[in-house]
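What follows is the residue order along each chain.
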Amino acid sequence: MKNLAIIFLVSVAVGLAGGYTYFHFTNNDETAAAKQETAAVQKKPTALTQTTSTSSKEGEILKQKGCLSCHSVSKLNLQGGTTGPDLSNAYKVVEGKHGKPIEEFLKEPTSAVMSGVIKSNPLTDEERAAIIQVLKTASEK
Ligand code: HEC
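The model shown is predicted, which means the values in this text are computed figures rather than measured ones. (Residues numbered from 1 in each chain as written. Predicted model: local features only at pLDDT ≥ 70, side-chain atom pairs only at ≥ 80, totals over all residues. Heavy atoms only, no water.)

*Asks:* Explain the nonpolar core here, please?
*Replies:* Generally speaking, a soluble globular protein has its nonpolar side chains buried in company with each other. One finds Leu62, Val73, Ile102, Leu106 and Ile131 to be the most contacted residues of the largest nonpolar core, which totals 20 residues. Looking at this core, the elements that each hand over two or more residues are helix H2 (55–64), helix H3 (90–98), helix H4 (102–107), helix H5 (112–120) and helix H6 (125–139). If one sorts the elements of this core by residue count, H6 sits on top with 5 residues. Excluding anything up to four places from it in sequence, leucine 62 contacts Cys67, Leu68, Val73, Leu78, Ile131 and Val134. (Core = buried A, V, L, I, M, F, W, Y, C linked by side-chain atoms within 4.5 Å. Buried < 20%, exposed > 50% of the residue type's maximum accessible area, 1.4 Å probe, protein only. Helix = DSSP H or I, 4+ residues; strand = E, 2+ residues; numbered from the N terminus. Contact = heavy atoms within 4.5 Å.)

*Asks:* Quick question: what am I supposed to make of H6 here?
*Replies:* In an α-helix, one turn spans 3.6 residues; hence positions three or four apart end up facing the same way. Counted at 1.5 Å a residue, the expected span for H6 with its 15 residues is 21 Å, and the 21 Å between its end C-alpha atoms agrees. For H6, every residue scored as buried is listed here: Glu127, Arg128, Ile131, Ile132, Val134, Leu135, Thr137, Ala138 and Ser139. (Expected span 1.5 Å × (residues − 1).)

*Asks:* In this structure, what is going on with the side chain of histidine 71? I would like to understand it.
*Replies:* With respect to the secondary-structure elements, histidine 71 resides in the loop between H2 and H3. According to the relative accessible area criterion, histidine 71 is buried, its value standing at 10%. A polar atom in the side chain of histidine 71 sits 2.7 Å from the backbone oxygen of proline 85. Apart from the residues lying within four places of it in its own chain, the contact partners of histidine 71 are Gly80, Gly81, Gly84, Pro85, Leu87 and Met114. (Polar contact = N/O pair within 3.5 Å; in protein donor to acceptor, adjacent residues only side chain to side chain.)

Shown next, in the form of C-alpha cells:
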C-alpha cells in the first residue's frame, strides 16, 4: 500500500513537470517568434545601407581564416580565443597602436604574433577587404 502511494506521488510529480515543460517551451516559442518579428522590423532601415546583415554572416570570414581562435569581436557577438585583443575597435585603434593603417597592418603586421600568423597564412586582397569591412562595421556599433 505504501508503495502504491509513492508510485502515485511520483506519477503526479512527473505529470506536473511534463506539463510545466510543455507550457514553458510553447511560451518560449511564442516570445522567440515575437522577438524575431521586432528584430526584423528594427533591422529594415539598416538593411538598406548595409550589405551584411546577421552577425554570424559577418563573422564568417574571421572564422574561415582562423582569426577567432585568438580574437573575439564582442560588438558582433563573436566569441573567440583570448590570445589576441578583442577586435571590436581594431578598425579605429590599429593605426595608433601599430603605426600603420589596418590595411597595411594586415599585409605586413608590425607585431610579433600577427607577423607569424600572416606569414604562415597570407590573406588575399579580397579576404583582407572583407575582414576590414567586418571590423569597420564592428567599430561603428
Ligand atoms: C595565434 C593567435 C592569433 C591569430 C590566429 C590571429 N591573431 Fe590577430 N593578434 C594576435 C595577437 C597576440 C595580437 C596582439 C599583437 C601581437 O602581439 O601581434 C593580435 C593583433 C591583431 C590586430 C591588432 C589589434 C590591436 O588592437 O592591437 C588585428 C587587427 C588582428 N590581430 C587581426 C587578426 C585577423 C584579421 C586574424 C585572422 C586572419 C588574426 N588577427 C589572427 C593573435 C592572433
